[in-house]
Every structure is written in structure tokens, then in C-alpha cells.
Amino acid sequence: MAPDYIYHYPTTTENYCPEMIGHVLATHVGKRTRILDGSFTYVELMKHYHSSLDESEWQKENLYERLLRRAKTEDLSEVSGIGCLYQSGVDRLGRPVVVFCGKWFPAHNIDLEKALLYLIYLLDPIVKGDYVIAYFHTLTSSNNYPSLQWLKDVYSILPYKYKKNLKAFYIVHPTFWTKMMTWWFTTFMAPAIKTKVHSLPGVEHLYSAIAKDQLEIPAYITEYDMATNGIHYFQPITNTSSPAS
């Protein structure tokens, strides 16, 4: 369905109405102005984004800039206080490590708009250079999984620098669900990052790329890891190479 601001010109002169065309053009310009000045709601923004995929990269960048402005001014303590997303030191190559704890993300009981804004607030200064992500799938359940559509929206609206400067995405304690989702996402949505994704069966496998004293993670993850894999089950190779997937 065409966006409501696109006017289909009449095929006959009998229906020609200059006033109507003027109204429609004014509506179109008005909506674009609202995007740039930040008065669109998130729902309106995403609706417009999906209806303008054929527009210039300049326009898409402005959509992101609008969210970034909001992220810097709005109260996001509702999300930051959960502690599911944070930076934890650097890897052995000096690149910032972003940690995401899946179990602590209440996907069905959180304002996903604010979740996106907090992600942008935290990552925007980090992704200007190389960085890595460590995602812990430990003890997650269906309550922690956001919708596939939301993930697609987030990935689509994030600028190229997020993909380009991501050097490794580690998934610790993967399950069949994460492996299937990773395959689908990197095959159909994000093939550019497919070689950057590494599924690791335990925390100690991360130590090849990230020193232990640089990795701050919740106790429940290490307790589960010890119960599942034992103690000192992996001797990391510290030659600054990425762990094998």
C-alpha cells in the first residue's frame, strides 16, 4: 500500500484539482519536516521508514540522527537500570567490548522504543571505531526474545558504521534456537557480518580474545558455566586471534 502522503495524479482532466495537489504536497513536506525536527513518534517513524526504503541514504541517516537526539535528551533509566547492556573493558586488541545479557532483557515487559534509544545512546560513541560484542544466551527463555520484526527494524535503521566497525560477535552458551536464528539472520538480513559471528560453548573460550580481568559478567553466568562445563575446561590461546566458532 502506498504511503498516505503520495498523491496519484488523475488520469483525466475532469478530476484535476490544483487545491488537492497543493494539499497533498504540503502534507508530504510537513511530514518530512516533522521527521527532521524530531516530533514524530517511534511508531510513525518506523512506518515512514518502511515506506521510504527507496529514498536516499541521506534521508535514512536523518532518521537515525533524529533518534540519536532523543537518546541524548530523554530519561532512559528504565532501561539502563536493568543492566542487560553495557561496556566491559577492551579485548586483547584494545577494542571496546559490549556485553549483552539475554536473561536480563524483559522483551515483553519493556518499552522497546526506549530500549532502542538506550542502545543508540550507549553504542553511538563506541561504534565510531572497531568494537566487539559478547552476547550471553545463558538461561534465557521465550520471555527474553524480542519479535523478529523489531530486530529487523533495529538492524535496518542503524547506520553502516555499526556493521563495518563490528569486528566480532560472540554468542556464549548458544542453543538450537540461537543457531537457527543466527543462520537465518546472517543469511537473509546481514550477510556482511556472517564471518564475524562465533558461537562459543563456554565463557573460558572468550579468554582467547578478551582477558578475564576485562570481562565483567553477572554471577549467574559463571555459576551456570561451571555447573555445565566444569572448572578450567579450556586453555585459551592468547595470540590475539578470534576463538574458533
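Residues numbered from 1 in each chain as written. Predicted model: local features only at pLDDT ≥ 70, side-chain atom pairs only at ≥ 80, totals over all residues. Heavy atoms only, no water.

- Under an unreviewed UniProt entry, the name given to the chain is CRAL-TRIO domain-containing protein, and the organism recorded is Anopheles christyi.

### Observations regarding the overall build of the chain
Turning to step 1, where the next piece is worked out: Of the regular secondary structure elements, the chain holds nine helices and five strands.
Turning to step 2, where the next piece is worked out: Overall, the chain shows an N-to-C arrangement of helices and strands of α-α-α-α-β-β-α-β-α-α-β-α-β-α.
Turning to step 3, where the next piece is worked out: A total of 245 residues make up the chain; the buried ones form 44% of that total.
Turning to step 4, where the next piece is worked out: For the chain, the exposed area adds up to about 13,400 Å²; of that, 59% sits on carbon and sulfur atoms. (Helix = DSSP H or I, 4+ residues; strand = E, 2+ residues; numbered from the N terminus. Buried < 20%, exposed > 50% of the residue type's maximum accessible area, 1.4 Å probe, protein only. Areas by Shrake-Rupley, 256 points an atom, 1.4 Å probe, with all protein chains shown as cover.)

### Overview of the packing of aromatic side chains
Turning to step 1, where the next piece is worked out: Taken as a whole, this structure holds eight aromatic pairs when the rule is applied.
Turning to step 2, where the next piece is worked out: The ring centre of Y155 lies 4.6 Å from the NZ or CZ of K163, which sits over that ring. (Phe/Tyr/Trp six-rings, centres within 6.5 Å; stacked < 30°, edge-to-face > 60°. Lys NZ or Arg CZ within 6 Å of the ring centre and 35° of its normal.)

### A look at the pattern of salt bridges
Turning to step 1, where the next piece is worked out: On inspection of all chains with the given rule, the structure shows six salt bridges.
Turning to step 2, where the next piece is worked out: A salt bridge links E113 to R70; the shortest N-O distance between them is 2.5 Å. Residue E113 is located in helix 5 (residues 112-123), and its partner R70 is located in helix 3 (residues 57-73); the two are separated by 43 residues in the primary sequence.
Turning to step 3, where the next piece is worked out: On the basis of relative accessibility, which here comes to 13%, the residue R70 falls in the buried class. (Salt bridge = Lys/Arg side-chain N within 4 Å of Asp/Glu carboxyl O.)

### A few points about the confidence of the model for the chain
Turning to step 1, where the next piece is worked out: Overall, the prediction assigns the chain a mean pLDDT of 81, with 72% of residues at 70 or greater.
Turning to step 2, where the next piece is worked out: Throughout residues 1-38 the model reports pLDDT below 50, and contacts reaching past four residues in sequence, or to other chains, amount to 35 contacts. (pLDDT = per-residue confidence, 0-100. Contact = heavy atoms within 4.5 Å.)

### Considerations on the side chain of T186
Turning to step 1, where the next piece is worked out: Note on placement: T186 falls in helix 8 (residues 176-189).
Turning to step 2, where the next piece is worked out: T186 gets classed as buried once you look at its relative accessible area, which sits at 5%.
Turning to step 3, where the next piece is worked out: A polar contact of 3.5 Å, which involves the side chain of T186, links it to the backbone oxygen of W183.
Turning to step 4, where the next piece is worked out: Beyond its immediate sequence surroundings of up to four residues, T186 is in contact with P191, I193, K194 and V197. (Polar contact = N/O pair within 3.5 Å; in protein donor to acceptor, adjacent residues only side chain to side chain.)

### Some words on the packing of helix 6 (residues 148-157) against helix 8
How two helices pack is summed up by the angle between their axes together with the distance between the axes.
Turning to step 1, where the next piece is worked out: For the pair helix 6 and helix 8, interaxial distance at closest approach is 13 Å and the crossing angle is 45°. Regarding the angle of helix 6 to helix 8, the classification is oblique. In terms of crossing hand, the pair formed by helix 6 and helix 8 is right-handed. The segment helix 6 lies against helix 8, with L148, K152, Y155 and S156 engaging M181, W184, F185 and M189.
Turning to step 2, where the next piece is worked out: The class makeup of the residues in the contact of helix 6 with helix 8 is six nonpolar, one polar and one charged. (Axes fitted to C-alpha atoms, helices over the stretch in contact; angles between N-to-C directions. Parallel < 35°, antiparallel > 145°, perpendicular 65-115°, else oblique. Left-handed = near helix turned anticlockwise from the far one by under 90°. Nonpolar A, V, L, I, M, F, W, Y, C, P; charged D, E, K, R; others polar.)

### Some thoughts on the sheet that holds strand 5 (residues 197-200)
Turning to step 1, where the next piece is worked out: Taken together, the five strands give an open sheet; going across it, the order is 1-2-3-4-5, and neighbouring strands pair in mixed fashion. Of all strands in the sheet, those bounded by a partner on one side alone are strand 1 (85-90) and strand 5. Here the strands of the sheet are splayed against their neighbours by 25° on average, with no regard to which way each runs.
Turning to step 2, where the next piece is worked out: Examined bridge by bridge, strand 3 (residues 131-136) and strand 4 (residues 166-172) share six bridges and lie parallel to one another. Within the sheet, the bridge partner assigned to I133 lies in strand 4 and is F169.
Turning to step 3, where the next piece is worked out: Helix 5 contacts strand 1 and strand 2 (96-101) of the sheet and is inclined by roughly 20° relative to strand 1. (Pairing = 2+ DSSP bridges.)

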